[in-house]
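# Geometric and topological summary
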Amino acid sequence: FSLGSMLEVELLPGAKVVFPTLPELDGVSVIALEIERGEAYLRTGAGYAGNPIRVRTPLAEVALHGTTVGVRVDQGCVCVCVAEGTVKVSSERIQGVFREVGAGSTLQVFAERGL
């Protein structure tokens, strides 16, 4: 689905996503969605107001702001792939609690500790 050219969210078949009521696009209110399983791609366009976006998964939370990112949730892993921009991934399974992931990079957060 898309909000004109401002925000696009693409869900792959089999994805289970909860997307609550969209807040006002005021550049401040958080847009939140939850991905229980599957794969979703988010892209913000040039006209995007700049609202922070939070993607919650069973293992991690991804905070993005004006970027292009894919989030895949499997049974034992969350994979965050950043095409443009930078995201902050937070999880109790990440040493230091959070990690920034830049363009062209991928971060995997595993359910099993030590991986």
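Reading the values: rules and limits
- Residues numbered from 1 in each chain as written.
- Predicted model: local features only at pLDDT ≥ 70, side-chain atom pairs only at ≥ 80, totals over all residues.
- Heavy atoms only, no water.
- Helix = DSSP H or I, 4+ residues; strand = E, 2+ residues; numbered from the N terminus.
- Rg over C-alpha atoms; globule rule 2.2 N^0.38 Å.
- Buried < 20%, exposed > 50% of the residue type's maximum accessible area, 1.4 Å probe, protein only.
- Contact = heavy atoms within 4.5 Å.
- Areas by Shrake-Rupley, 256 points an atom, 1.4 Å probe, with all protein chains shown as cover.
- Lys, Arg positive; Asp, Glu negative; His and termini not counted.
- Charge placed at Lys NZ, Arg CZ, Asp CG, Glu CD.
- Phe/Tyr/Trp six-rings, centres within 6.5 Å; stacked < 30°, edge-to-face > 60°.
- Lys NZ or Arg CZ within 6 Å of the ring centre and 35° of its normal.
- Salt bridge = Lys/Arg side-chain N within 4 Å of Asp/Glu carboxyl O.
- Polar contact = N/O pair within 3.5 Å; in protein donor to acceptor, adjacent residues only side chain to side chain.
- Core = buried A, V, L, I, M, F, W, Y, C linked by side-chain atoms within 4.5 Å.

## Observations regarding the overall build of the chain
- Per the secondary structure count, the chain includes zero helices and 11 strands.
- When the helices and strands of the chain are read in sequence order from the N terminus, they spell out β-β-β-β-β-β-β-β-β-β-β.
- Compactness check: the chain gives a C-alpha radius of gyration of 13 Å against a globular reference of 13 Å for 115 residues, within 12% of the reference.
- Seen through its C-alpha atoms, the chain measures out along the principal axes to roughly 40 × 30 × 25 Å.
- Counting across all 115 residues of the chain, residues that qualify as buried make up 36%.
- The long-range fraction of contacts in the chain, counting pairs at least 24 apart against all pairs at least 6 apart in sequence, stands at 38%.
- If you sum the accessible surface of the chain, you get close to 6300 Å²; carbon and sulfur atoms cover 49% of it.
- In the chain, which carries 10 positive and 13 negative side-chain charges, the distance between the mean positions of the two groups comes to 5 Å.

## Brief notes about the packing of aromatic side chains
- Counted according to the given criterion, the structure contains zero aromatic pairs.
- Here the basic side chain of K88 rests over the ring of F98, its NZ or CZ set 4.7 Å away from the ring centre.

## Remarks on the pattern of salt bridges
- Within the structure shown, the criterion is met by six salt bridges.
- One salt bridge in this structure joins R43 and E8, with 2.8 Å as the shortest N-O distance. On the criterion of sequence distance, the pair formed by R43 in strand β4 (residues 31-44) and E8 in strand β2 (residues 7-11) is long-range, its members being 35 residues apart.

## Things to note about the environment of N51
- By the secondary structure assignment, N51 is in the loop between β4 and β5 (53-56).
- When the C-alpha positions of N51 and L64 are compared, they lie 9.3 Å apart, and in sequence the two are 13 residues distant.
- A polar side-chain atom of N51 sits 3.3 Å from the main-chain amide nitrogen of D26.
- A distance of 2.7 Å separates a polar side-chain atom of N51 from the backbone oxygen of S29.

## So, the side chain of T57
- Take T57: it is sitting in the loop between β5 and β6 (61-64).
- Residue T57 is classed as buried on the basis of its relative accessible area of 13%.
- Setting aside residues no more than four positions away along its own chain, T57 makes contact with I35, V71, V73 and V78.

## Quick look at the nonpolar core
- Judged by nonpolar contacts, the single largest core of 26 residues is most densely connected at V55, V87 and V89.
- Mapped onto this core, the elements with two or more residues apiece are β2, β4, β5, β6, β7 (68-73), β8 (77-84), β9 (86-90) and β11 (105-110).
- With five residues, the single largest contributor to this core is β4.
- Residues contacting V87, with those up to four places away along its chain left out, are V62, A63, L64, T67, V69, V80, V82, R99, E100 and V101.

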